[in-house]
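# Residue-level structural notes
Okay, here's what each chain looks like letter by letter:
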Amino acid sequence: MRNSRTGEVNNRIIEFENMKKIAIISIAALMSISVFAQSNNDGHNLALKVVVEEMVEPFPATAKLQVENKLNALLTKNGIASMDYLGQFFITARATPLTKDVLPGPPMQIAETMDFTFYIADYYNQIIFSTASVTAKGVGTSDAKSYMDAIKKINLNSPALTKFVEEGRVKIIKYYNEQADKIILKARALAKQHDYEQALFLVQTIPSECDRYADAIAVGNEIYQEYVDYLCDVNLAAAKMAWVSGQNSKAAEEAGQYLGLIYPEAKCYAEAEALYAEIKGKVLDDWHFEMKRYQDGVDLELARIHSWRDVGVAYGQGQQPTTTNIGFIR
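In what follows, the accompanying structure is described. Every chain begins its residue count from 1, and numbering advances along the sequence as written. Only residues with pLDDT of 70 or above have their local features reported here, since the model is predicted, and side-chain atom pairs are shown and tallied only from 80 upward, although totals for entire chains, interfaces and linings are computed over all residues. With hydrogens and water set aside, each side-chain value is computed from the structure's full complement of heavy atoms.

### Description of the nonpolar core
Within this scheme, the nonpolar core is defined by two criteria: the residues are buried Ala, Val, Leu, Ile, Met, Phe, Trp, Tyr or Cys, and they are joined through side-chain atoms within 4.5 Å. Under the scheme applied here, a residue whose accessible area is under 20% of the maximum for its type counts as buried, over 50% as exposed, and between as partly exposed, the area being computed with a 1.4 Å probe on protein chains only. By size, the foremost hydrophobic cluster in this structure holds 93 residues, and its most contacted members are Phe116, Phe118 and Leu259. Sorting elements by how many residues they give to this core places helix α7 (residues 213-246) first, with 17 residues. Ranked by size, the runner-up nonpolar core spans eight residues in total, among them Leu86, Tyr119, Ala121 and Ile326. Only DSSP runs of H or I with at least four residues qualify as helices, and only runs of E with at least two residues qualify as strands; both kinds are numbered from the N terminus onward.

### As for the side chain of Asp229
The topology assignment puts Asp229 in helix α7. Charge assignment in this entry is limited to Lys and Arg as positive and Asp and Glu as negative, and neither His nor the chain termini are counted. Any carboxyl oxygen of Asp or Glu that lies within 4 Å of a side-chain nitrogen of Lys or Arg is treated as forming a salt bridge with it. The charged side chain of Asp229 is buried without a salt bridge, its nearest counter-charge being Lys267 at 4.0 Å. Polar contact criterion, stated in full: a pair of N or O atoms within 3.5 Å, where within protein one must be able to donate a hydrogen and the other to accept it, and residues adjacent in sequence count only if both atoms are side-chain atoms. A polar side-chain atom of Asp229 sits 2.9 Å from the main-chain amide nitrogen of Lys267. In what follows, residue pairs with any heavy atoms lying within 4.5 Å of each other are defined as contacts. When sequence neighbours within four positions are dropped, the list of residues in contact with Asp229 reads Glu265, Ala266 and Lys267.

### Details of the packing of helix α5 (residues 159-192) against helix α6 (residues 196-204)
The N-to-C vectors of α5 and α6 enclose an angle of 165 degrees; their axes lie 8 Å apart at closest approach. What the angle tells us is that α5 and α6 run roughly antiparallel. The way α5 lies across α6 gives a crossing that is left-handed. Of the residues in α6, those touching α5 at Ile183, Lys186, Ala187, Leu190 and Ala191 are Tyr196, Gln198, Ala199, Leu202 and Val203. Note on geometry: axes are C-alpha line fits, over the in-contact stretch for helices, and angles between N-to-C directions span 0 to 180 degrees. We call two directions roughly parallel when the angle between them is under 35 degrees, roughly antiparallel when it is over 145, roughly perpendicular when it lies between 65 and 115, and oblique otherwise. Handedness of a crossing is defined here by the sense of rotation of the near helix relative to the far one, left-handed for an anticlockwise turn of less than a right angle and right-handed for a clockwise turn.

### Side note on the pairing of strand β4 (residues 109-122)
Most of β4 is tucked away, with 13 of its 14 residues classed as buried. The rule for pairing is simple: two strands pair if DSSP sees at least two bridges between them. Counted along the chain from strand β3 (residues 89-103) to the antiparallel partner β4, the turn is five residues long. Where β4 lies against strand β5 (residues 127-140), 13 bridges are found, and the strand directions are antiparallel. Looking at the pairing, Ile110 lines up with Gly140 of β5.

### Thoughts on the pattern of salt bridges
Following the criterion strictly, the structure yields eleven salt bridges and no others. A salt bridge links Glu222 to Arg188, with the nearest nitrogen and oxygen atoms 2.6 Å apart. Of this pair, Glu222 sits in helix α7 while Arg188 sits in helix α5, and the two are 34 residues apart along the sequence. The class for Glu222 is partly exposed, based on a relative accessible area of 35%. One salt bridge connects Glu271 with Lys240, and the closest N-O pair in it is separated by 2.5 Å. You can see Glu271 sitting in helix α9 (residues 269-283) and its partner Lys240 sitting in helix α7, a full 31 residues away along the chain. Note on Glu271: relative accessible area 41%, which makes it partly exposed. Owing to a relative accessible area of 34%, Lys240 belongs among the partly exposed residues under this scheme. Several salt bridges share partner residues, and in doing so they unite Asp181, Arg212 and Asp215 into one network.

### What to know about the environment of Tyr269
Within the fold, Tyr269 resides in helix α9. The spacing of Tyr269 and Val228 is 41 residues in sequence and 9.9 Å in space, taken between C-alpha atoms. The contact partners of Tyr269, leaving out residues within four places of it in the chain, are Cys232, Ile262, Tyr263, Pro264, Met291, Lys292 and Arg293.

Everything listed is a geometric property; what it means functionally is a separate question.
Here is the structure:
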């Protein structure tokens, strides 16, 4: 029986090692007072990833970055955040040269008329939600400079682009209103399999504009509690094994690495504190370690929400495709 129990603990420790990186990220978010003290709500607005394909000749290398900057500015202007990883929904644009005129100098200049087509689309299901086209004219002493000038002159205040963004927003929110129940059910099922990171990733995708946002927050909090309790059980078992192995400064150091990953709101936190006190009482000043604790003035509920969102985002960032194929947009 003892060997069986030891094997079970060892297996859980191995599983824990795979979760350690995300645990560290979320603990850091939880304990950071600067984030929560400046926020008065738990709003999580709709966000899109900006995706721009590589722009080849005759476009200069810097054209891609300039288009990305334009798209980010367009999102910001219309109250939509941009994500640093590719989720389900994204915004992109493609440029097509239309006309070219050579203007006599000196210096000789080139005038290019460009067509820019904008898209908001669903990457997973390969569906285009919204499109718009605008034209801009650039002038420069070379083709490359005229293209860059045209990109710079894209009018983000144009009615066509305002309508484009709003239409995309409405369709995405409609998607979440229709799919929120399925997303939540899938998240619960993943949590039962101890796949907490993916479960929290799914829940955190539901934006505050969705009718089921309050339910998503409640489910996220529920799954997060299961997550921290599970991590606490795994870490506490590992800390106990490390301490029992030597009961000296070296063993205390190893145990502290596990105790340091236990969340203050975990159900076994009091038991972890008791182990900490036991170790501290034996190694005294040779052990420079303190348990994680809440900082004064932190909105604990808001901290919890931010923390489990960070776990979900960290999972999403780790699931990025090696290549971004948006070839379905033509």
